[in-house]
Amino acid sequence: NVSREEFVKMLVVAANLKEQKHYDFVDVTVDNWAYPYVMKAVTAGIVKGVTDTNFGTGNSISREDMATLAARVLGCSETVQSSEDFIDTDEISEYAKASVLLMKEKGIIKGYDDGSFRPKALSTRAEAAVIICRILDALASAE
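Residues numbered from 1 in each chain as written. Predicted model: local features only at pLDDT ≥ 70, side-chain atom pairs only at ≥ 80, totals over all residues. Heavy atoms only, no water.

Draft legend 1. Structural context of the overall build of the chain. Along its length, the chain carries 5 helices and 0 strands. Listed N to C, the secondary structure of the chain is α-α-α-α-α in terms of helices and strands. Against the 2.2 N^0.38 benchmark of 15 Å for 143 residues, the chain shows a C-alpha radius of gyration of 15 Å, consistent with a compact globule. If you line up the chain on its principal axes, its C-alpha atoms span 45 × 35 × 25 Å. Within the chain, buried positions represent 43% of all 143 residues. Counting 16 positive and 22 negative side-chain charges, the chain places the centres of these two groups 4 Å from one another. (Helix = DSSP H or I, 4+ residues; strand = E, 2+ residues; numbered from the N terminus. Rg over C-alpha atoms; globule rule 2.2 N^0.38 Å. Buried < 20%, exposed > 50% of the residue type's maximum accessible area, 1.4 Å probe, protein only. Lys, Arg positive; Asp, Glu negative; His and termini not counted. Charge placed at Lys NZ, Arg CZ, Asp CG, Glu CD.)

See the structure below:
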């Protein structure tokens with residue numbers, strides 16, 4: 001599985017984010033390897049903590065959270081045009097639903113062969129790598 005901070009690092013590097021402000025998370029101190037990446041992602045509005053003071057370091061990232069962060073890094077905020085949902089769309093958290101469906105519509109994420117998305121499942125390294133590749137392609141074509 002991929003942790004929150006690992007996926008955030010991948011996004012920050014893919015999007016070439018530079019600006020970094022300091023935020024106080026008790027679990028991401030300045031001596032933590034993930035500190036600059038988390039701070040850049042927070043500064044850019046891509047990620048928030050799991051609480052006001054806790055980033056969630058060491059927590060594996062869910063598929064719905066991965067899709068939400070992907071939508072933010074791509075600056076996607078438009079509404080979903082497609083009516084094709086996953087068979088488990090009703091299991092997607094409300095905060096993530098629009099992002100998941102928009103990333104599906106844009107081809108950034110895909111579901112499983114059975115038509116499900118499995119939003120609460122933890123993301124694997126392979127899934128994260130595929131999403132990062134698709135984000136890189138989307139960013140390159142936007143230039």
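The rest of the description comes next.
Draft legend 2. Region of the structure containing the side chain of S62. Mapped onto the secondary structure, S62 falls in the loop between α2 (35-43) and α3 (63-73). Other than its neighbours up to four places away in sequence, S62 contacts P119, K120, A121, L122 and S123. (Contact = heavy atoms within 4.5 Å.)

Draft legend 3. The packing of α3 against helix α4 (residues 94-105), seen in detail. Relative orientation of the contacting elements α3 and α4 amounts to 70°, with a least axis distance of 8 Å. Taken as axis vectors, α3 and α4 run roughly perpendicular relative to one another. Residues E64, D65, A67, T68, A70 and A71 of α3 form the contact with α4, whose participating residues are Y95, A96, S99, V100 and M103. Class assignment for the residues of the contact of α3 with α4 results in 7 nonpolar, 2 polar and 2 charged. (Axes fitted to C-alpha atoms, helices over the stretch in contact; angles between N-to-C directions. Parallel < 35°, antiparallel > 145°, perpendicular 65-115°, else oblique. Nonpolar A, V, L, I, M, F, W, Y, C, P; charged D, E, K, R; others polar.)

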